[in-house]
Amino acid sequence: GLLHDCLERHNFEFVSNCVNAINVQYDFYGNAYGVIFEMEEYKSQLKQYAATQRQEYANAKTKRLQERAAALKTAEEQKYDEIVKIFSSPDLVVVNAVCVGAGSDQEVILDDLVKILDAYKYTMPIIKLGITKEVESTASAATLFRGNSTATKLMTAFTKLTGSPYIQTIQPIVQGIVANSSGYEVDPTKVKGGESAEQNIKKLTNTCEDFLKAIFSSVNKCPIPFREMAHHLQTEVVKRFPDSRHTSVGGFIFLRFFCPVILSPDAHGLVQASALDANARRALILISKCLQNLANGVFFGAKESFMN
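Owing to the predicted nature of the structure, the values given are computational and were not obtained by experimental measurement. (Residues numbered from 1 in each chain as written. Predicted model: local features only at pLDDT ≥ 70, side-chain atom pairs only at ≥ 80, totals over all residues. Heavy atoms only, no water.)

Engineer: Any chance you could break down the state of the cysteines for me, citing the residues and the numbers?
Structural biologist: Summed over the entire model, instances satisfying the criterion amount to zero disulfides. Distance from the sulfur of C208, which forms no disulfide, to the nearest cysteine sulfur (C290) is 4.3 Å. (Disulfide = S-S within 2.5 Å.)

Structure, rendered in structure tokens:
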């Protein structure tokens, strides 16, 4: 009855106010929820933005470090560019001056110089130019690369550098000779008692053939720079001395590469120096002489006619 009197007396004004108050509260909570939702979305966007910024900063830092490292590397690589260019001048004047002034250290200095030039990709162009000039200035094919010109010295150092792994081709044969060094003497005045000159000649010949077979069968193992140099040498020689097509290359390779290794296998790491006795060294000398003359396409002279 009281509620009825109240509603009757206030003409539903109280109910209306209550409804309005509820609506206001509803709107308030609705707006508050909207604000909270928007804040969560904003927070999510902020997190994404922060993560993106951190990644971009990390990428930028990494890039700067890489660029700095690349710049330092380039600066280090180019530090000696000017002096290397001087050494690699086509006239080879500086290299020749170094060779003249090096004295007994000439071979060591040339080896190091070739390594430096090779690191800068200058060695092959210089050697090719040196070969061309050497051929042009040589009057006879028989004297090609027999002297100690700067070009020849560079070529020798280059063959040592690029051909070091290749000498393993003949290591087993050299080791066999050192292990059994008797029976190679062919000089009638030096053949020991109990030995036959004919048998020794046969043994020397067979061993030389073993070397040739090992070398010929390992062409595919020959270093590419080595082949490139040999190809250019042959190309230039044929222009002036067509008949020396093979002896020019063979003569040089045996004179400056194989024969020095055969003569001094201990210096090239093929055997221990302590393993080389007088007989072994004599055998290796005779073998290198045979191979060198064979490569040159010539016979032995009167003093060593027994070698023919």
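Engineer: For the packing of helix α11 (residues 247-263) against helix α12 (residues 278-296), give the residues involved together with the corresponding values.
Structural biologist: Relative to each other, α11 and α12 sit at 170°, their axes nearing to 8 Å. What the angle tells us is that α11 and α12 run roughly antiparallel. For the pair formed by α11 and α12, the contact residues are T247, G250, G251, F254, L255, C259, I262 and L263 on the first element and R281, L284, I285, I287, S288, L291, Q292, A295 and N296 on the second. Among the residues making up the contact of α11 with α12, the classes are represented as 10 nonpolar, six polar and one charged. (Axes fitted to C-alpha atoms, helices over the stretch in contact; angles between N-to-C directions. Helix = DSSP H or I, 4+ residues; strand = E, 2+ residues; numbered from the N terminus. Parallel < 35°, antiparallel > 145°, perpendicular 65-115°, else oblique. Contact = heavy atoms within 4.5 Å. Nonpolar A, V, L, I, M, F, W, Y, C, P; charged D, E, K, R; others polar.)

Engineer: How would you sum up the packing of aromatic side chains? Please name residues and give values.
Structural biologist: In this description, an aromatic ring pair is defined by two values, namely the gap between the centres and the angle between the planes. Summed over the entire model, instances satisfying the criterion amount to seven aromatic pairs. Between Y120 and Y122, the aromatic rings sit 6.4 Å apart at their centres with planes inclined by 10°, giving stacked as the arrangement. For Y120, a relative accessible area of 23% gives the class partly exposed. Pairing F226 with F257 gives two aromatic rings, centres 5.1 Å apart and planes at 70°, and the pair type is edge-to-face. Here F257 lies in helix α11 and F226 lies in helix α10 (residues 224-240), a separation of 31 residues in the sequence. Taken individually, F226 and F257 each receive the classification buried, so the pair is uniform in this respect. Here the aromatic residues Y166, F226, F254, F257 and F258 are joined through ring pairs into a cluster of three or more. (Phe/Tyr/Trp six-rings, centres within 6.5 Å; stacked < 30°, edge-to-face > 60°. Buried < 20%, exposed > 50% of the residue type's maximum accessible area, 1.4 Å probe, protein only.)

Engineer: Please provide a residue-by-residue account of the environment of K203, values included.
Structural biologist: With respect to the element layout, K203 can be found in helix α9 (residues 197-216). Given the relative accessible area of 25%, K203 is considered partly exposed. Each C-alpha atom of the pair K203 and G183 lies 7.1 Å from the other, and the pair is 20 residues apart in sequence. Those residues within four positions of K203 in sequence are excluded, and the remaining contacts are N180, S182, G183 and Y184. A polar contact of 2.6 Å, which involves the side chain of K203, links it to the backbone oxygen of S182. (Polar contact = N/O pair within 3.5 Å; in protein donor to acceptor, adjacent residues only side chain to side chain.)

Engineer: Report on the side chain of S248, specifying residues and quantitative values.
Structural biologist: Relative to the helices and strands, S248 resides in helix α11. What makes S248 buried here is its relative accessible area of 7%.

Engineer: Describe the packing of helix α7 (residues 150-163) against α11, with residues and values.
Structural biologist: Orientation of α7 relative to α11, taken along the N-to-C sense of each, is 70°, at an axis distance of 9 Å. One element, α7, and the other, α11, form an angle in the roughly perpendicular class. For the element pair α7 and α11, the recorded crossing hand is right-handed. Across the interface between the two elements, T152, M155, T156, T159 and G163 of α7 pack against F252, R256 and F257 of α11. Within the contact of α7 with α11, the residues separate by chemical class into three nonpolar, four polar and one charged. (Left-handed = near helix turned anticlockwise from the far one by under 90°.)

Engineer: Which residues make up the nonpolar core, and what are the values?
Structural biologist: Generally speaking, a soluble globular protein has its nonpolar side chains buried in company with each other. Membership of the largest hydrophobic core comes to 64 residues, with the highest contact counts inside it found for F211 and I287. Here this core gets nine residues from one element, more than from any other, and that element is α11. Contact partners of I287, with chain neighbours within four places excluded, come to I177, Y184, L204, T207, C208, F211 and I262. (Core = buried A, V, L, I, M, F, W, Y, C linked by side-chain atoms within 4.5 Å.)

Engineer: Let's hear about the pattern of salt bridges: which residues, and what values?
Structural biologist: Counted under the stated rule, the structure contains six salt bridges. Salt-bridge contacts for K128 lead to E228; the nearest nitrogen and oxygen are separated by 2.8 Å. Linking K128 in helix α6 (residues 123-137) with E228 in helix α10, this pair joins segments that are 100 residues apart in sequence. K239 is paired through a salt bridge with E236; the nearest N and O atoms lie 3.0 Å apart. Placement of both K239 and E236 in helix α10 is noted, with a separation of three residues, approximately one turn of the helix. Classification of K239 as exposed rests on a relative accessible area of 59%. (Salt bridge = Lys/Arg side-chain N within 4 Å of Asp/Glu carboxyl O.)

Purely geometric numbers; function is a separate question.
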